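# Structural overview for review
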Amino acid sequence: MTTEIYLDGNATTAVLPAAIAAAADAMGQRYGNPSSSHGTGLKAKAVLDQARACALRLLGVGDGRLMFNSGATEGIQTAVLSALAALRERRERGEAIGSLLVYGATEHKAVPESLAHWNRLLGLNLTLHKLPVDHDGAHDLAQLRALAPQAALVCTMAANNETGIITDLAAISALLTDTGSAAYWLVDCVQALGKLDLNLAATRIDYAPFSGHKLYAPKGVGMLYVRAGAPFTPLIMGGGQEGGQRSGTENMAGIAALGAVLAALEQGGTFRSHHELASFRARLADSLRAALPGVVFNHPFDKSLPTTLNFSVPGLTSRELMDVFDAAHVRVSSGSACSAAKAAPSYVLDAMQAPLWRSAGAIRMSFGPLADEATIADACRRIERCGAALRASCLIPSERTAVPHDGLLQLGVEGACSWMVLDAASRSCIVIDPLPDMTGRIESYVRCQNYQVQAIVSTLPGADRAQLAAALGRHFDIHAATDDYGWPASADDGIRIGAQTLASVADGAARHYLLGAVGLAPQSMRFAFCAQPALDVLRPLTCAQTLLCPTRDEHNQFCLGMAEPAAASAQAELPLQLDSAALDAFLQAHPDARLIDVREPYEFAAAIAPGPAGRSARSVPLSRLAEHASGWLQDASVPLVFFCRSGNRSLKAAQCLRRLGHRQAYSLGGGLALAPMALAA
Ligand code: PLP
């Protein structure tokens, strides 16, 4: 039984069973070299010829060339090299050539990178010109018309990989003809294969690269079409395979598999129709609208492939969305290259002038034409589950007040962090060092749990607290008198929060805050919040168990101990990482060990499996690590096994606990992704 719902078809697809069988046959039975003239070679050659004949018919290659290669990146190189080498020769012969290499602003990076590379290497020094697109991702045809007479090469993809937006190739063809342009025309057809009708020789397209792995063939195989009469230069020279167009012994397993996919496309009956695929997309879109209020789709459905959805959700980063979907075993991709906390915006959505929140928060859901009814229905159920998990965690608005949280919460962005001290019983909280980037998050957290914010304090003077204060509305008394650090004038003896008190300690221009039992005896002090750990000032006021919570946390340390760093650091004797294969044995040898899921609560809530190896686990996200660390340290002989999706976050948690003196803190190496899973009931 598979638990995975794979909705990342524009990145790559699974391999069609018939293609796996064809590849296995090519490796097992027909393993000959198709260039050999003996019987074994001839059997392999028959496979090659059959795959090629099918591709020629299916793509309408006519008198043009079609060669098998390693994929679209190679096809793009060959096309660009061929066009630019011809342009150079023509210029050397004294012919006039265009001065511009025009490419659509939303092309796959392989296109502009190859243009720049070969332009430089061949010493052509033509000008690369990025052709803008409009809000719907359509090329600026008026600009292209104006540029066409000076264009030497025009590159416009057939369909975009991030948004699925389909290019109006007929309009481009017409304008190139109308303007009498002599430009060569490269059309990246990677995302179009199997989804759009292609009859290449009937068009004026000069070069069309294809990639097998985007349509149920394996990675490492592709094709390049070159129009009859268009310039051609081999990229790879050698034994003269592929009619001298692409040397190197053929990737026969890949070609046989691609041949099987092309045969299935030609015969029909295997892949879904446009209409069926569009109805699948509509169902997914409806589920997303219901689960994620305010979701915005970043492309017009009627102008894009029926297999792609690209969307953003106000208030949610692409990292958070990716994580929640991944926890529910729904594989999607972020429309942008996202790093740790902040995602880099998508250049495709930027080119479409989408606002930053949409281009940095985009998620792509894409499926292939083999998608089936049951998978789409299951995907819709899981989208619902993800929405419920995000609502329960206050990440998206909900009608119901969420279960209130107690204790400490750390909210970090790029090395800085805010802390919240929360008391569920009185529904009150205190915010320490609010980061402007966290305003929305703190506000929704406070509103959704209906807390009253007693104070917003900072560790350094002049910090910006006004933005949060204004955003909190009735949840904060903006008129209460405070000093420069936000400390209430009426709180000389500290701020009571439930059974604890927060005290303020002046230290030159800085302030530290101490949280402990009412009375503030050093031995009751649990946490000290400070911009920089100031041990000499804090030591007399705290005890060995007090945890230091810095409001700068560049190294993801979460919290530190009061002990000298040297004393606390000698905890490296035991390995820090547990191999997932060794987890069972470890848990049997340590029946008291605690399994701790450090993913965020929305990931925990969306998860469809209880924990590694089918065991249940406790949820303690990294943002709550400090709160729980003090409890775990009281009994440091109980092993702690932290885990997360990939092993990164759990490693940080285990390192933190080891630093604090817990010798039996471990991280599950490779995370849940590599651990054997069992489904929840
Ligand atoms: N062009 C487009 C539109 C793509 O989506 C991709 C794959 O991501 C490529 C080119 C590169 O293809 P390949 O992986 O076969 O090199």
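Check the entry above for the structure.
Treat the numbers as computed from the prediction; the structure is a model and nothing was measured. (Residues numbered from 1 in each chain as written. Predicted model: local features only at pLDDT ≥ 70, side-chain atom pairs only at ≥ 80, totals over all residues. Heavy atoms only, no water.)

All right, on to the sheet that holds strand β21 (residues 525–530) then. Two orientations exist for strands paired in a sheet by backbone hydrogen bonds: parallel and antiparallel. Pairing is mixed in the open sheet, where six strands are placed in the order β18-β19-β20-β21-β22-β23. Each having just a single partner strand, β18 (495–497) and β23 (560–561) make up the two edges of the open sheet. Across three bridges, the pairing between β18 and strand β19 (residues 500–507) is antiparallel. Counterpart to Ile495 in the pairing with β19 is Leu502. (Pairing = 2+ DSSP bridges. Helix = DSSP H or I, 4+ residues; strand = E, 2+ residues; numbered from the N terminus.)

Strand order in this open sheet of four strands is β9-β10-β13-β12, and the pairing throughout is antiparallel. A strand with exactly one partner marks an edge of an open sheet, and here the two such strands are β9 (296–297) and β12 (333–334). Across two bridges, β9 lies against strand β10 (residues 308–312) in antiparallel orientation. What sits directly across from Phe297, in β10, is Phe311. Lying on the sheet, helix α8 (residues 274–291) is in contact with β9, β10 and β13 (363–366); it crosses β10 at an angle near 15 degrees. (Contact = heavy atoms within 4.5 Å. Axes fitted to C-alpha atoms, helices over the stretch in contact; angles between N-to-C directions.)

By definition, a disulfide links the sulfur atoms of two cysteines through a covalent bond. All told, the structure shown has one disulfide when counted by the stated rule. Between the sulfur atoms of Cys394 and its disulfide partner Cys448 the distance amounts to 2.2 Å. Residues Cys394 and Cys448 are joined by a disulfide whose S-S torsion is about -65 degrees; by sign, that bridge is left-handed. On the criterion of sequence distance, the pair formed by Cys394 in the loop between α12 (373–392) and β14 (407–413) and Cys448 in helix α13 (residues 439–449) is long-range, its members being 54 residues apart. Of the residues examined, Cys394 reaches a relative accessible area of 4% and is grouped as buried. In this structure Cys448 comes out as buried when scored by relative accessible area, which is 14%. Here Cys54 is not disulfide-linked; the sulfur of Cys189 is the nearest cysteine sulfur, at 17 Å. In this structure Cys417 is a free cysteine whose sulfur lies 8.5 Å from that of Cys549, the closest cysteine sulfur available. (Disulfide = S-S within 2.5 Å. Buried < 20%, exposed > 50% of the residue type's maximum accessible area, 1.4 Å probe, protein only.)

By nearness alone, every residue bordering the ligand is listed as Gly71, Ala72, Thr73, His108, Met157, Asn161, Asp188, Val190, Gln191, Ser211, His213 and Lys214. Asp188 is positioned such that a nitrogen or oxygen atom in its side chain is 2.6 Å from a nitrogen atom of the ligand. Across the complex, the protein chains shield 85% of the 390 Å² of accessible surface that the ligand would expose by itself. Split into classes, the residues belonging to the shell around the ligand amount to three nonpolar, seven polar and two charged. (Near = heavy atom within 4 Å. Polar contact = N/O pair within 3.5 Å; in protein donor to acceptor, adjacent residues only side chain to side chain. Areas by Shrake-Rupley, 256 points an atom, 1.4 Å probe, with all protein chains shown as cover. Nonpolar A, V, L, I, M, F, W, Y, C, P; charged D, E, K, R; others polar.)

Here we come to the nonpolar core. As a rule of thumb, nonpolar side chains are buried together in soluble globular proteins. Counting residues in each nonpolar core, the largest one holds 55 residues, and the members touching the most others are Leu59, Val102, Val154, Trp185, Phe210, Met223 and Val261. Top element by residues in this core is helix α7 (residues 252–267). It accounts for 10 residues. Counting 39 residues, the second-largest nonpolar core is a separate cluster that includes Ala455, Ala491, Leu515 and Cys644. (Core = buried A, V, L, I, M, F, W, Y, C linked by side-chain atoms within 4.5 Å.)

Any functional reading would require information beyond the geometric quantities listed.
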